[in-house]
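# Coordinate analysis (summary)
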Amino acid sequence: MKKLNLAIIGQGRSGKGIHGTYYTSDKNLYYNVKYVVDADERRRQIALEMYPGCEVLADYRELFDKKDIDVVVNASYSHMHYPITKDLLEHNFNVLCEKPFARNAFECDTVMKIAKERGLVLAAFQQTFHAPFYKDIVRIIKEKVIGDVVQISVRYNSFSRRWDWQTLQSKMAGGTFNTGPHPIGLALGFMDFDENIRVAFSSLKSTPLASGDSDDYCKAIFVAPGKPVVDLEISSLDAYSGYNVKLQGTRGTFKATPSAYEYKYIVDGENPERPVVEEFLQDENGNPIYCREQLVIHEESGKYAGTAFDIGKCGLYEDLYYAITEGRELFIGMDKVRQIVNVTDQIYAANPMPRIY
């Protein structure tokens, strides 16, 4: 199998810690790291050791005269994702861009148009869609394992604080831009990316817990005809969140983290239907009583073999390889990425926050 020559822009936590660990692992069957771009001299020196045989550059524009690059990974600062991706496409490079992919639908449309006109592959690093837990939850919903799902709760919560550039609106940061593409993407995926999805309610807050002026709390409700209601939270204020996704169905409840799941459910026929009693309930002595019974309930639990940061990451890079080499359709194409970006933009537009920095 011929490996593709790859250039990566940025060697921060994402570029080095997420992408770099894949490139240097035995799971990487597809890519040869040819160029590494970072403005910091120390990081360039580390890259020379981390990716033997690579060439290091201080400015991504130095890539423009290179003729041996098959794909460029844009792991720059969030607010630089769009302009750098646009520039790369205009210089005829296939691009994989980190999240947040863009600020709004206009930016998505702009780069999507360039990629289409030039016959280039454009992808977003939304590796959560390749994680086992996402695919299993989609199956649970479609197969009606717990009946018809009425509500889906998505929680990407913690009790923590930040004080780096990821707290600044000027850097296109905050919980909803930074973490949000994953849970918002999951929410839309569980709703089949229905074109009629709308944000019924949203709230953003920048609380005293964190530094900076960006949001560390987000709440949103998504609805669409014939789809479950999705209740989304991205919060740094929650010390008691024990799951990432919970489904409430007509025959049970399912909850999961990226690494484990559990659910309780009833089986048709094991709990005979109760006829409605129109009068108040009473015992044999005429005393009022409450509806009480012991349902026959089944419970199951298990572990997932891998998360978005191993199985998901490998799946996305394999998907990208065949999109470039064979023209296969991406599992999460740009139409879906655009919808994630558009919903995120709607949340920010409805909840403007004052800029301090």
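Described in the following lines is the structure provided in the data block. It should be emphasised that the depicted structure is a prediction, and the values quoted were computed from it without experimental measurement.

### Concerning the packing of helix 3 (residues 81–90) against helix 4 (residues 105–118)
- At their nearest, the axes of helix 3 and helix 4 sit 10 Å apart, and the two run at 15° to each other. It follows that helix 3 is roughly parallel to helix 4 by the angle criterion. The two elements helix 3 and helix 4 cross, and the hand of that crossing is left-handed. Contacts between helix 3 and helix 4 involve Tyr82, Thr85, Lys86, Leu89 and Glu90 from the first element and Glu107, Thr110, Val111, Ile114, Ala115 and Arg118 from the second.
- Among the residues forming the contact of helix 3 with helix 4, the class breakdown is 5 nonpolar, 2 polar and 4 charged.

### As for the pairing of strand 9 (residues 217–223)
- For strand 9, the tally of buried residues reaches 6 of 7 residues, placing the bulk of the element in the interior.
- Pairing of strand 8 (residues 198–205) with strand 9 involves 7 bridges; the strand directions are antiparallel. Among the inter-strand pairings, Val199 is bridged to a residue of strand 9, identified as Phe222.
- Where strand 9 and strand 10 (residues 229–235) come together, 6 bridges link them in antiparallel fashion. Note on strand 10: the bridge partner recorded for Cys218 is Ile234.
- What sits between strand 9 and strand 10 in their antiparallel hairpin is a turn of 5 residues, with Gly226 showing a positive phi close to 75°.

### Let's talk about unusual backbone geometry
- Between Lys99 and the following residue, Pro100, the backbone shows a cis peptide bond with an omega angle of -5°.
- Within the secondary structure, Pro100 is located in the loop between strand 5 (95–97) and helix 4.
- In this structure, Lys144 is a non-glycine residue whose phi angle is positive, near 55°.
- Its location among the elements puts Lys144 in the loop between helix 5 (132–142) and strand 7 (149–157).
- Owing to a relative accessible area of 43%, Lys144 belongs among the partly exposed residues under this scheme.
- With phi around 50°, Phe193 is a residue other than glycine that occupies positive phi space.
- Of note, Phe193 is situated in the loop between helix 7 (181–190) and strand 8.

Parameters at a glance
- Residues numbered from 1 in each chain as written.
- Predicted model: local features only at pLDDT ≥ 70, side-chain atom pairs only at ≥ 80, totals over all residues.
- Heavy atoms only, no water.
- Axes fitted to C-alpha atoms, helices over the stretch in contact; angles between N-to-C directions.
- Helix = DSSP H or I, 4+ residues; strand = E, 2+ residues; numbered from the N terminus.
- Parallel < 35°, antiparallel > 145°, perpendicular 65-115°, else oblique.
- Left-handed = near helix turned anticlockwise from the far one by under 90°.
- Contact = heavy atoms within 4.5 Å.
- Nonpolar A, V, L, I, M, F, W, Y, C, P; charged D, E, K, R; others polar.
- Buried < 20%, exposed > 50% of the residue type's maximum accessible area, 1.4 Å probe, protein only.
- Pairing = 2+ DSSP bridges.

Read these as spatial facts, not as claims about activity.
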